[in-house]
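If you want the building blocks of each chain, they are given just below.
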Amino acid sequence: MGRVIYLDHASTTPVDPEVLEIMRPWFTEEFGNPSTVYSLGLASAQAVQQARESIAETIGAEPEEICFTSGGTEADNWALLGTADACQKKGRHLITSAIEHHAVLETVEHLEKRGYEVTRLPVDGGGLVDPDEVRRAIRPDTILVSIMHANNEIGTIEPIAEIGKVTREAGVPFHTDAVQSAGKLPLDVNELGVDMLSMSAHKFYGPKGIGLMYLRKRTRITPLLHGGGQEKGFRAGTHNVPGIVGMAKALELATNRMADDAVREAALRDRLWDGLSANIDAIHLNGDMVSRLPGNLNLRVDGIEGESMILMLDMDGICVSSGSACTTGSLEPSHVLLALGIPQEHAHGSLRITLGRSTTAEDIDLFIKVFPPIVTRLREMSPIWCANCVCKQRN
Amino acid sequence: MGRVIYLDHASTTPVDPEVLEIMRPWFTEEFGNPSTVYSLGLASAQAVQQARESIAETIGAEPEEICFTSGGTEADNWALLGTADACQKKGRHLITSAIEHHAVLETVEHLEKRGYEVTRLPVDGGGLVDPDEVRRAIRPDTILVSIMHANNEIGTIEPIAEIGKVTREAGVPFHTDAVQSAGKLPLDVNELGVDMLSMSAHKFYGPKGIGLMYLRKRTRITPLLHGGGQEKGFRAGTHNVPGIVGMAKALELATNRMADDAVREAALRDRLWDGLSANIDAIHLNGDMVSRLPGNLNLRVDGIEGESMILMLDMDGICVSSGSACTTGSLEPSHVLLALGIPQEHAHGSLRITLGRSTTAEDIDLFIKVFPPIVTRLREMSPIWCANCVCKQRN
Amino acid sequence: MYSELVMEHFRNPRNMGVIEDADGVGEVGNPQCGDMMRLTIKVKDDILEDIKFQTLGCGAAVATSSMVTEMAKGKRLDEALEISNRAVAEALGGLPPAKMHCSNLAADGLQAAIKDYRSRQAAK
Amino acid sequence: MYSELVMEHFRNPRNMGVIEDADGVGEVGNPQCGDMMRLTIKVKDDILEDIKFQTLGCGAAVATSSMVTEMAKGKRLDEALEISNRAVAEALGGLPPAKMHCSNLAADGLQAAIKDYRSRQAAK
Ligand SMILES: Cc1ncc(COP(=O)(O)O)c(C=O)c1O
Ligand SMILES: Cc1ncc(COP(=O)(O)O)c(C=O)c1O
């Protein structure tokens, strides 16, 4: 197989060489535990502190409001479980959306089994949550609103700042899962009006296994990991120093090139959509075309199924995903597409193409060239595609 | 400052260059998400699977019984919180020891606040738990026994296999925190008779931020991190592929050299103790001298305090710790030393010296040379050291 | 994820298509799973003379469809009915655990086609 | 963790020791913290002519002891009594938050010593 054309940046990204370079000494020579007293440990503690300050500045937070975690999943789980535990005397009602990541949805399901009540707000056909719906859903016993900043499948950007105004007015803590937007959209925790925010470094060219939670001062939350007193007792566990240093660098690099990357990726994405929609019948766009992450394209192709498209594209060295990339082997249709009102059988025919730094115009043109014959072939194979066969269309 | 003499291997260790080397491609070229379908992701999935198999074989487990976590703290928390949640219908009583790591003790404290009952077994003067005490503490509503394999401060190795027999007989799940013993002692989950076991890679020359939980088949446990279905739904979150690959390599290397390292470190450790006890008055050994990790020395020096010794040694480039290294700035005396029956004021004067691969005879001899004058100087400064001053001894 | 043999069948599916004047048609599928399969068969002297499939679905669904046609072609009907989904998966060198439930309907499709053939015969 | 100035005082503590024929002795300490301090003072004409400390404790405890002796030496007693633990910490360029509670007893020790001196005077 020749060069890989990676178009699955929403799933994960390679570590930027500059990021890896800056991480390296923290594995070997500067390996001290930041929780120790001697100079070697002090150097690590200072590196962690510097990373904390740099990240805090980028998102308009105080350094003490940054808590390092093992990734987005831990941050999401913590926001929900930690608030649920700390605020259970106030109430047991949480509000979220129908299109959150599994890290949020499975956690609220767990909470439901433990006696909490959850409102899952619907979204419109483009995937947008209505801030007024948030307002209406808030009750006296509501202890948390958790709405994602940008969706991982369809790239829809939610009106977080407006929702933040609603929650602020109502005095309800507000968490946003910014795993997909961090490094891609400007983030300011005060403009967004959030009390908690999750990030994961590997989505913005940082390492896997490190993330963070922004935790506004005085937010009531129980730790998820108890132990050695790290992170002021809010999150125990030996600091992943190389990961933390790498995440800070990755966020810095992403922030610096954010505007340029956005323009470039959106242009390539639009070129891709134009090329595909001109050459393929019965192909549809999923999600909102305006309030959307620049590098995200999510489409569905009538009569064929997602995984078979992925496998076919992989033969040409092209990496894309279908549904939420996190659930290999799961055959359930994407809950996000269902929430948009897309019927089940169509939801199986979706493809997520997410562009990134490595994406070139040639990649896009190659995709436009190889994809139509794949669609043709899979439709030939399909018992439900009837444009050119004798049987009647089923759906 | 010249060369650093690192004698705090129980706190953390540098990543072995061979381990870093094997991790490198998984950051950059081979960066695919193992939860994807295309070849790039498949390569990552295979690397994770290979790591799982290699680790499983080393500890006598099945590959499906290995769950990757972000470290020892997460594994410990999960064992306790996950069992408490899953088994609450059976009962709400847990048994642990008084000398566990904070990752266990703070978690059981949290559980106590949530209505669970905890028995903390005492230890003898050397830090050993009596298996008969475990037997006597088990009640019909006991849902978990959690006793560490080796203690992080005093290096005492607990009789896990005997305790395993007791729990097996009683039909109570048994967790052991093997964070300090992994890579240092032979581990076989069946010989030990454990149902759960925690490890953390950075303690055996692997990277920080990765660990694992051995989870015996059919053990009842609720996930701690909910989400994308990784680890068969038991532990969500994008796999830290470089970390996992690195941990497996680190464990392999540690296992291969385990016997040699143990002999070498124990000999150096004994030489150190002989040298110090011959040259310093009123110096005492903490812990059991027989059932002890080879590289661990824990001592206390009457009349002086731990941190001041650490700072003095640091001036000579020597890194050691006092109490449990995890709690910088905490001035509470070590709960481990108190559990051994050491009075509070003496518990403050303890020093933990943990040897490792880099430790040489010259390091040890240098320590023996520089430490006695430090003791002398600190005792001169001490208001409670009275061997050579006019005031009366206080304790 | 998939074995080499599965991928080989996915890349080069055997007996793909529709027999226009089929003697029997079997359709199985689970809309939950996004998998659907149509098998058309031609029977002569109680022997599966020809068999073709159309499949909507994941790699496993395509590969098991392809494999079942290979396994069944030329067999007597009663022999063909013995083919189980498990046997198809085994012939492919196994399937990933998550794919064992759905996507492994090929033998069901074959049985449905043979049943359809027999009921048509009975109706004649 | 500690500022350069704290470390400097730890490395080279000023006025360490005991004044054998002291006019006042102050002892403070918190066995919970493992910190204990003894200040001995020599007073002449209401002026702190000499002051020495002995301290058992962490880096912060030693450095604050050393600093308070520097700050107090040569001062009038009423001026010396004005020195607060906070002022000592500030003079050292701050202490880590975890060290602010315990380990910052030096001014208390000084006050205790002056109080001891005054009660001895009153008893005369
Ligand atoms: C929106 C969103 N939230 C949370 C996560 C979980 O992040 P991680 O897998 O790094 O824990 C992801 C990605 O997997 C995501 O896209
Ligand atoms: C015995 C023991 N358990 C658990 C831990 C926690 O491991 P980690 O800090 O890697 O999460 C440690 C070390 O910090 C330890 O020594």
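Everything quoted here is computed from the prediction, not taken from an experiment.

I'd like a rundown of the relation of the copies chain A and chain B, residues and numbers included.
You can overlay chain A on chain B at an RMSD of 0.0 Å; the transform is a turn of 180° with a shift of 0.0 Å along its axis. The two molecules are tied by a two-fold rotation axis, judged by turn and shift. When C-alpha distances to the rotation axis are compared across chain A, the minimum falls at Ser 70 of chain A, with a value of 3.0 Å. Most of the interface of chain A is mirrored in chain B, where 100% of its interface residues again form contacts.

Let's hear about the site of ligand 1: which residues, and what values?
As a matter of local geometry, ligand 1 sits amid 15 residues, with Thr 73, Asp 177, Ser 200 and Lys 203 of chain A together with Thr 238 of chain B nearest to it. Ligand 1 is flanked by residues contributed from chains A and B. His 101 of chain A places a polar side-chain atom, nitrogen or oxygen, 3.4 Å from an oxygen atom of ligand 1. In the model, an oxygen atom of ligand 1 is placed 2.5 Å from a nitrogen or oxygen of the Ser 200 of chain A side chain. In isolation ligand 1 has 380 Å² of accessible area, and contact with the protein removes 97% of it. Element by element, the count of residues in the shell around ligand 1 is highest for helix α3 (residues 72–86) of chain A, at 3 residues. Class assignment of the residues belonging to the shell around ligand 1 gives a composition of 3 nonpolar, 9 polar and 3 charged.

Account for the site of ligand 2, with residues named and values stated.
The full set close to ligand 2 counts 15 residues, and Thr 238 of chain A together with Thr 73, Asp 177, Ser 200 and Lys 203 of chain B are the nearest of them. A distance of 3.3 Å separates an oxygen atom of ligand 2 from a polar atom in the backbone of Gly 72 of chain B. The separation between an oxygen atom of ligand 2 and a polar side-chain atom of His 202 of chain B is 2.8 Å. Protein burial of ligand 2: of its 380 Å² of free accessible surface, 97% is covered by the chains. With 3 residues, the single largest contributor to the shell around ligand 2 is helix α3 (residues 72–86) of chain B. In the shell around ligand 2, the residues fall into 3 nonpolar, 9 polar and 3 charged.

How would you explain the domain arrangement of chain A if you had to name every residue and give the values?
All names here are of chain A. Each domain of chain A was delimited in the assignment, giving domain 1 (5–12 + 258–394) and domain 2 (17–256). Distance between the C-alpha centres of domain 1 and domain 2: 29 Å. On the domain 2 side, the residues contacting the 26 residues of domain 1 number 35 residues. Summing the contributions of domain 1 and of domain 2, the shared interface buries around 2600 Å²; its carbon and sulfur component is 54%. The largest per-residue losses of area from domain 1 upon contact with domain 2 belong to Met 258, Leu 293 and Arg 357, which jointly make up 30% of the total buried on that side. Counting across the domain 1 and domain 2 interface gives 0 salt bridges.

Lay out the state of the cysteines with the relevant residues and their values.
Tallied over the entire structure, the rule returns 0 disulfides over all chains. A disulfide-free cysteine, Cys 87 of chain B has its sulfur positioned 16 Å from the sulfur of Cys 67 of chain B, the nearest such atom.

Provide a residue-level description of the interface of chain A and chain C, including the pertinent values.
Every contact between the two is made by 24 residues of chain A and, on the other side, 29 residues of chain C. Together chain A and chain C conceal approximately 2200 Å² of surface at their shared face, both sides included; 63% is due to carbon and sulfur atoms. Joining chain A to chain C, the criterion identifies 1 salt bridge. Taken together, the connections running from chain A to chain C amount to 9 residue pairs in polar contact (both at pLDDT 80 or more). Among the elements of the structure, α9 (306–315) and α12 (361–381) of chain A are those that each provide at least two residues to the side of chain A that touches chain C. Looking at which element gives the most residues to the side of chain A that touches chain C, the answer is α9 of chain A, with 5 residues. The class makeup of the residues in the side of chain A that touches chain C is 11 nonpolar, 7 polar and 6 charged.

Run through the interface of chain A and chain B, naming residues and quoting values.
Chain A puts 64 residues into the contact, and the matching count from chain B is 64 residues. In this assembly, chain A packs against chain B so that about 5200 Å² is buried in total across both faces, 63% of it on carbon and sulfur atoms. Applying the counting criterion to the chain A and chain B interface returns 2 salt bridges. In this structure, the salt-bridge partner of Arg 114 of chain A is Asp 85 of chain B, at a minimum N-O distance of 2.4 Å. Counting across the chain A and chain B interface gives 17 residue pairs in polar contact (both at pLDDT 80 or more). Contributions of two or more residues to the side of chain A that touches chain B are made by α1 (17–27), α2 (39–58), α3, α4 (102–113) and α9 of chain A.

Describe in detail the sheet that holds strand β3 (residues 47–56) of chain C, supporting the description with residues and values.
All names here are of chain C. What the 3 strands build is an open sheet, ordered β1-β2-β3; its pairing is antiparallel. Each end of this open sheet is capped by a strand with a single partner; those strands are β1 (24–30) and β3. Between one strand axis and the next, the sheet turns through 15° on average, direction left out of account. Sheet topology note: the strand β2 (residues 35–44)/β3 ladder contains 9 bridges and is antiparallel. Note on β3: the bridge partner recorded for Arg 38 is Gln 54. Contacting β2 and β3, helix α2 (residues 59–72) runs over the sheet at an angle of about 175° to β3. Along the sheet face, helix α5 (residues 106–123) touches β1, β2 and β3 and points at about 145° away from the line of β1.

Kindly report on the sheet that holds strand β4 (residues 117–121) of chain A, identifying the contributing residues and their values.
Residues and elements named next belong to chain A. Taken in spatial order, the 7 strands of this open sheet run β2-β8-β7-β6-β5-β3-β4, and their pairing is mixed. Looking at which strands have only one partner, the edges of the open sheet turn out to be β2 (66–69) and β4. If you compare each strand with its neighbour and ignore which way they point, the axes differ by 20° on average. Against the sheet, α3 makes contact with β2, β3 (93–97), β5 (142–146), β6 (174–177), β7 (196–200) and β8 (211–215), and its axis sits at roughly 160° relative to β7, the strand it touches most. Packed onto the sheet, helix α6 (residues 160–170) meets β5 and β6 and runs at close to 160° relative to β6.

Could you give me a rundown of the confidence of the model for chain C, with the residues and numbers involved?
In regions of low pLDDT, the predicted coordinates are not meant to be interpreted in detail. All names here are of chain C. Averaged over every residue, the pLDDT of chain C is 92; the share at 70 or more is 96%. When the elements of chain C are averaged for pLDDT, β1 gives the smallest value, 91, and helix α3 (residues 77–81) the largest, 97. Scored as a complex, the prediction yields pTM 0.95 and ipTM 0.94.

Please provide a residue-by-residue account of the pattern of salt bridges, values included.
A side chain of one charge can pair with a side chain of the opposite charge when the charged atoms of the two come close. Throughout the structure, instances matching the rule amount to 64 salt bridges over all chains. With a closest N to O distance of 2.8 Å, Glu 74 of chain A and Arg 235 of chain A form a salt bridge. Of the two residues, Glu 74 of chain A is situated in helix α3 and Arg 235 of chain A in the loop between β8 and α8 (241–279); the sequence distance between them amounts to 161 residues. Lys 99 of chain D serves as the salt-bridge partner of Glu 307 of chain B, at 2.4 Å between the closest nitrogen and oxygen. Within this pair, whereas Glu 307 of chain B is found in helix α9 (residues 306–315), its partner Lys 99 of chain D is found in the loop between α4 (85–91) and α5 (106–123), the two belonging to separate chains.

Outline the packing of aromatic side chains, listing residues and values.
The tally for this structure, following the rule as stated, stands at 7 aromatic pairs over all chains. On the numbers, 6.1 Å between centres and 50° between planes, the contact of Phe 27 of chain A with Phe 27 of chain B is tilted. One end of the pair, Phe 27 of chain A, is in helix α1; the other, Phe 27 of chain B, is in helix α1 (residues 17–27), on a second chain. With relative accessibility at 5%, the residue Phe 27 of chain B sits in the buried group. Pairwise contacts between aromatic rings join Tyr 6 of chain A together with Phe 31 and Tyr 38 of chain B into one cluster. The ring of Tyr 205 of chain A has Arg 357 of chain A lying over it, and the distance from NZ or CZ to the ring centre is 3.8 Å. Over the ring of Tyr 116 of chain B we find Arg 92 of chain B, and its NZ or CZ is 4.3 Å from the ring centre.

About the cut-offs
Residues numbered from 1 in each chain as written. Chains lettered and ligands numbered in written order. Predicted model: local features only at pLDDT ≥ 70, side-chain atom pairs only at ≥ 80, totals over all residues. Heavy atoms only, no water. Least-squares fit on C-alpha atoms with pLDDT ≥ 70 in both. Contact = heavy atoms within 4.5 Å. Near = heavy atom within 4 Å. Polar contact = N/O pair within 3.5 Å; in protein donor to acceptor, adjacent residues only side chain to side chain. Areas by Shrake-Rupley, 256 points an atom, 1.4 Å probe, with all protein chains shown as cover. Helix = DSSP H or I, 4+ residues; strand = E, 2+ residues; numbered from the N terminus. Nonpolar A, V, L, I, M, F, W, Y, C, P; charged D, E, K, R; others polar. Domains from an automatic or database assignment. Buried area = accessible area lost by both parts, 1.4 Å probe. Salt bridge = Lys/Arg side-chain N within 4 Å of Asp/Glu carboxyl O. Disulfide = S-S within 2.5 Å. Pairing = 2+ DSSP bridges. Axes fitted to C-alpha atoms, helices over the stretch in contact; angles between N-to-C directions. pLDDT = per-residue confidence, 0-100. Phe/Tyr/Trp six-rings, centres within 6.5 Å; stacked < 30°, edge-to-face > 60°. Buried < 20%, exposed > 50% of the residue type's maximum accessible area, 1.4 Å probe, protein only. Lys NZ or Arg CZ within 6 Å of the ring centre and 35° of its normal.

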